[in-house]
Amino acid sequence: GAAMVLAPQDDLLPGEPLLDVLKRHAVTAVTLPPTALMQLPAADLPALKTITVAGEACPPELVANWAHNRRFFNLYGPTEAAIDVTYWACRPDETATTVPIGRPVANTKIYIVDHAGNPAPAGIPGELWIGGVQVARGYVNRPELTIERFIPDPFTDDDGARVYRTGDLARYRDD
């Protein structure tokens, strides 16, 4: 039931231009990179009820400043896998030193593996691999990089299933 606000690119620049658009249109839901949200004053946007951040790591202070009386989501995902592949519903009372990237979205598999490609146990850092229907087929005109990063999914028997090796380090929490 909400309306989408389309604004000229210059009006969407972080800081005063973006703040003006959000206030003038009483925007209730927004998706921004954390650095853009950091430049806005939380108290000046009472209509804003749902915030999604994506595109870069979310600092815990941002959640602490913005999540009170709002829904606040942290999303993660590279372009090679349909942008957002994990989500985390943040709470302002979380005490972690980092904001989790969360759990996989529907039709997504997330693996954290050691240097040999074996599943890493909870608490042990490893490389994040992404599987599922949204994983790209590879890079255009980059066959060497495609072979290196898009590999057969070793954790399923599904024909043609592949994973994208992100190169990002992650770890499972105990929970």
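Residues numbered from 1 in each chain as written. Predicted model: local features only at pLDDT ≥ 70, side-chain atom pairs only at ≥ 80, totals over all residues. Heavy atoms only, no water.

Caption draft 1: Focus on the nonpolar core. Counting 22 residues, the largest nonpolar core has Leu37, Leu40, Ile51, Trp66 and Phe72 as its most contacted members. Of all elements in the fold, only α1 (16–24), β1 (29–32), α2 (34–37), β2 (50–53), α3 (60–66) and β4 (86–90) reach the threshold of two or more residues within this core. Residues within four places of Leu37 in sequence aside, it is in contact with Leu32, Ile51, Val53, Leu62, Trp66 and Phe72. One finds Tyr76, Ile110, Ile112 and Tyr164 within the second-largest nonpolar core, a separate group that totals 12 residues. (Core = buried A, V, L, I, M, F, W, Y, C linked by side-chain atoms within 4.5 Å. Buried < 20%, exposed > 50% of the residue type's maximum accessible area, 1.4 Å probe, protein only. Helix = DSSP H or I, 4+ residues; strand = E, 2+ residues; numbered from the N terminus. Contact = heavy atoms within 4.5 Å.)

Caption draft 2: Inspection of the side chain of Glu127 at higher detail. In this fold, Glu127 is placed in strand β7 (residues 126–132). Overall, Glu127 belongs to the buried group, its relative accessible area being 15%. Only 3.2 Å separates the side chain of Glu127 from the side chain of Arg165, close enough to count as a polar contact. Apart from residues no more than four positions distant in its own chain, Glu127 is found in contact with Tyr111, Ile112, Val113, Arg149, Arg165, Thr166, Gly167, Asp168 and Leu169. (Polar contact = N/O pair within 3.5 Å; in protein donor to acceptor, adjacent residues only side chain to side chain.)

Caption draft 3: Structural view of the sheet that holds β7. Overall, antiparallel pairing links the 4 strands, which are arranged β6-β7-β9-β8 in an open sheet. Looking at which strands have only one partner, the edges of the open sheet turn out to be β6 (108–113) and β8 (150–152). Strand after strand, the sheet turns through a mean of 35° between neighbouring axes, direction not considered. Both β7 and strand β9 (residues 162–170) contribute to a ladder of 5 bridges, which runs antiparallel. Looking at β9, one finds that Glu127 is bridged to Leu169. (Pairing = 2+ DSSP bridges. Axes fitted to C-alpha atoms, helices over the stretch in contact; angles between N-to-C directions.)

Caption draft 4: Up close: the side chain of Thr166. Tracing the chain through its elements places Thr166 in strand β9. Residue Thr166 is classed as buried on the basis of its relative accessible area of 11%. A distance of 2.7 Å separates a polar atom in the side chain of Thr166 from the backbone oxygen of Leu128. Separated by 2.9 Å, the side chain of Thr166 and the backbone nitrogen of Asp168 make a polar contact. Contact partners of Thr166, with chain neighbours within four places excluded, come to Tyr76, Pro78, Glu127, Leu128, Ile130 and Arg149.

Shape is all these values report; function is a separate question.
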